[in-house]
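What the coordinates show
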Amino acid sequence: MKRVFSGVKPTGHLTLGNYLGALRQWAEVDQHRADSLFCVVDLHALTVDHDPARVRRLSRQAATLLLASGLDPQLCTVFVQSHVDEHARLSYLLECVATDGEMRRMIQYKEKAARERERGGSVRLSLLTYPVLMAADILAYATHEVPVGDDQAQHVELARDLAVRFNQRYGHTFVVPKATLPTVAARVMNLQEPASKMGKSDDFGPGIVYLLDEPDVVRKKMMRAVTDSGREVVYDRVGRPGVANLLEILAACTGGDPAALGAGYSSYGALKKDAADAVVAVLEPLQARHRELCADPGYVERVLRDGAGKARHMARPVVDRAYRAIGL
Ligand code: ADP
């Protein structure tokens, strides 16, 4: 059976982008077809300025939202990264295989480091090495497939390169993983800044739909989405990114193809209204499950404890083998 691994960072409240680009695929497809692990990658939340209590609170919230999105602990393993030491153990070995040039070429690093410097802050070394820890997350579980949004494809590619390099130098140790991307909404864009992705850690609040936004808040954000001065509803990601984003969101929520859906609209207003309704309909059941789970914190606690136990059991032999192979 295929092994699938993926994760979400507790650096902010989870967004519609996280759901359409990743979580929904995990819940509706991956957990049913593969031996799968889904992780709240809390160590990754320490790569930027952070507040300890907030990280802890957001980790718990992210784990609860994974379950509310439909992940079933009977079908898959849900856990928190820092509960399993193997991630950090393996990361160091992979740092001895990766090069600094390779790290500095990572697009997300370049963007985030530039933003941090613009703010006058310093860049944590862990921001540079973050993709190596992510490679360790993936390789520790002998993962075949990593379902992610488009923004993470380059990091999965690095995990592939490191696995191949390690295997060539030290003997076959790791499964070589590959990324799997959703066919629609692989990159949901910010509603106010359609040139940037809808990222939970970004600063454009009104352009981000959060999974726990109330329906009227979702509607307001969707109706205020930036479009362009045209009138015709056509799907053109380059020329009309705002409209294309709304069509992608609508298509991802209702099924269908963004270009074909576009042909059915004669105004941006009607498109926005339908897209808003579709998002509200997708979020309602998720929010209802979230409320139930919040009423039973002991359950979430147990799921995470059992999940960490199972994950440790899977990762330990792989990481031990890597230690032996590299000469320790
Ligand atoms: P964020 O950028 O919101 O901090 P994470 O790094 O925690 O997201 O990513 C969790 C998953 O959600 C990843 O698979 C990522 O590719 C996906 N994802 C994040 N933002 C988007 C987006 N705007 N559109 C599609 N997928 C996304």
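All values reported here derive from a predicted model rather than from experimental measurement.

With that settled, the discussion passes to the overall build of the protein chain. Within the protein chain, the regular secondary structure consists of 12 helices and 5 strands. Over its C-alpha atoms the protein chain spans a radius of gyration of 20 Å, differing by no more than 12% from the 20 Å that the globule rule assigns to 328 residues. In terms of overall dimensions, the protein chain has a C-alpha envelope of 65 × 45 × 40 Å along the principal axes. Each of the 328 residues in the protein chain was classed as buried or not, and the buried ones make up 45%.

Here we take up the site of the ligand. Of all residues adjacent to the ligand, which total 21 residues, the nearest are Lys 9, Gly 17, Gly 21, Val 148 and Gly 149. Sorting the residues of the shell around the ligand by element identifies strand S1 (3–8) and helix H1 (16–33) as the ones contributing at least two each. Considering every element that reaches the shell around the ligand, the biggest residue donor is H1, with 4 residues. Classifying every residue of the shell around the ligand by side-chain character gives 6 nonpolar, 10 polar and 5 charged.

A few words now on the pairing of strand S3 (residues 77–80). Side-chain alternation along S3 places Thr 77 and Phe 79 on one buried face and Val 78 and Val 80 on a second face that is also buried. With 4 bridges joining them, strand S2 (residues 35–40) and S3 adopt parallel strand pairing. Each residue of the ladder has a partner; that of Phe 38, found in S3, is Val 78. For the handedness criterion, the β-α-β arrangement of S2, helix H2 (residues 52–68) and S3 is classed as right-handed.

Bringing the domain arrangement of the protein chain into the picture now. Entries for the protein chain in the domain assignment read domain 1 (3–181 + 297–326) and domain 2 (205–291). Using only C-alpha atoms to locate each centre, domain 1 and domain 2 end up separated by 29 Å. Those elements that place two or more of their residues in the side of domain 1 that touches domain 2 are H1 and H2. Of the residues assigned to the side of domain 1 that touches domain 2, the class counts are 6 nonpolar, 4 polar and no charged.

What follows is about the nonpolar core. Among the nonpolar cores identified, the biggest contains 94 residues, and Val 78, Ala 135, Ile 249 and Val 279 are the most heavily contacted of them. Looking at which domains feed residues into this core, each of domain 1 (3–181 + 297–326) and domain 2 (205–291) supplies at least three.

Here we come to the packing of helix H3 (residues 86–95) against helix H6 (residues 125–139). Close contact between H3 and H6 brings their axes to 8 Å; oriented N to C, the two are set at 120°. Between H3 and H6, the interaxial angle falls into the category oblique. Considering how the two elements wind past one another, H3 and H6 form a crossing that is right-handed. Seen from H3, the contacting residues are His 87, Leu 90, Ser 91, Leu 94 and Glu 95; seen from H6, they are Thr 129, Val 132, Leu 133, Ala 135, Ala 136, Asp 137 and Leu 139.

When you line up the elements, Ser 126 lands in helix H6. Sequence spacing of Ser 126 and Ala 45 is 81 residues, and the spatial spacing of their C-alpha atoms is 9.9 Å. The contacts of Ser 126, once residues within four sequence positions are left out, are Leu 46 and Thr 47.

Moving on: helix H5 (residues 107–118). In this model H5 runs 17 Å from its N-terminal to its C-terminal C-alpha over 12 residues, within 8% of the 16 Å that 1.5 Å per residue would give. Little of H5 is tucked away, with 1 of its 12 residues classed as buried. The first or second residue beyond H5 is Gly 120, which carries a positive phi of 85°.

Here helix H8 (residues 215–223) crosses helix H11 (residues 268–294) at 150°, and the two axes come no closer than 9 Å. In terms of their interaxial angle, H8 and H11 are classed as roughly antiparallel. For the element pair H8 and H11, the recorded crossing hand is right-handed. For the pair H8 and H11, contact is made by Pro 215, Val 218, Arg 219, Met 222 and Met 223 and by Lys 272, Ala 275, Ala 276, Val 279, Val 280 and Leu 283, respectively. Of the residues belonging to the contact of H8 with H11, the class tally is 9 nonpolar, no polar and 2 charged.

Turning to the confidence of the model for the protein chain, a few remarks are in order. Within the protein chain, residue pLDDT values average 95, and 99% of them lie at 70 or more. In the predicted complex, the global pTM is 0.95; the interface-specific ipTM is 0.97.

A word on unusual backbone geometry. Even without a glycine there, the phi angle at Ala 142 is positive, about 50°. Within the secondary structure layout, Ala 142 lies in the loop between H6 and strand S4 (145–147).

The terminal C-alpha atoms of H1 lie 24 Å apart, and with 18 residues this matches the ideal 26 Å at 1.5 Å per residue to within 8%. Taking the largest bend as the criterion, H1 deviates by roughly 55°, centred on Trp 26. H1 sits mainly inside the fold: 13 of its 18 residues count as buried.

The next subject is the pairing of S2. Extensive coverage of S2 is indicated by the burial of 5 of its 6 residues. Both S1 and S2 contribute to a ladder of 6 bridges, which runs parallel. Within S2, the position partnered with Arg 3 by the bridge is Asp 35. Traced from S1 through H1 to S2, the parallel crossover comes out right-handed.

Rules of the game
Residues numbered from 1 in each chain as written. Predicted model: local features only at pLDDT ≥ 70, side-chain atom pairs only at ≥ 80, totals over all residues. Helix = DSSP H or I, 4+ residues; strand = E, 2+ residues; numbered from the N terminus. Rg over C-alpha atoms; globule rule 2.2 N^0.38 Å. Buried ≥ 20, exposed ≤ 12 C-beta atoms within 10 Å, placed from the backbone. Near = placed C-beta within 6 Å. Nonpolar A, V, L, I, M, F, W, Y, C, P; charged D, E, K, R; others polar. Pairing = 2+ DSSP bridges. Right-handed = clockwise from strand over helix to strand, strands pointing away. Domains from an automatic or database assignment. Core = buried A, V, L, I, M, F, W, Y, C linked by C-beta atoms within 7 Å. Axes fitted to C-alpha atoms, helices over the stretch in contact; angles between N-to-C directions. Parallel < 35°, antiparallel > 145°, perpendicular 65-115°, else oblique. Left-handed = near helix turned anticlockwise from the far one by under 90°. Contact = placed C-beta atoms within 7 Å. Expected span 1.5 Å × (residues − 1). pLDDT = per-residue confidence, 0-100. Bend = angle between axes of the 7 residues up to and from the residue.

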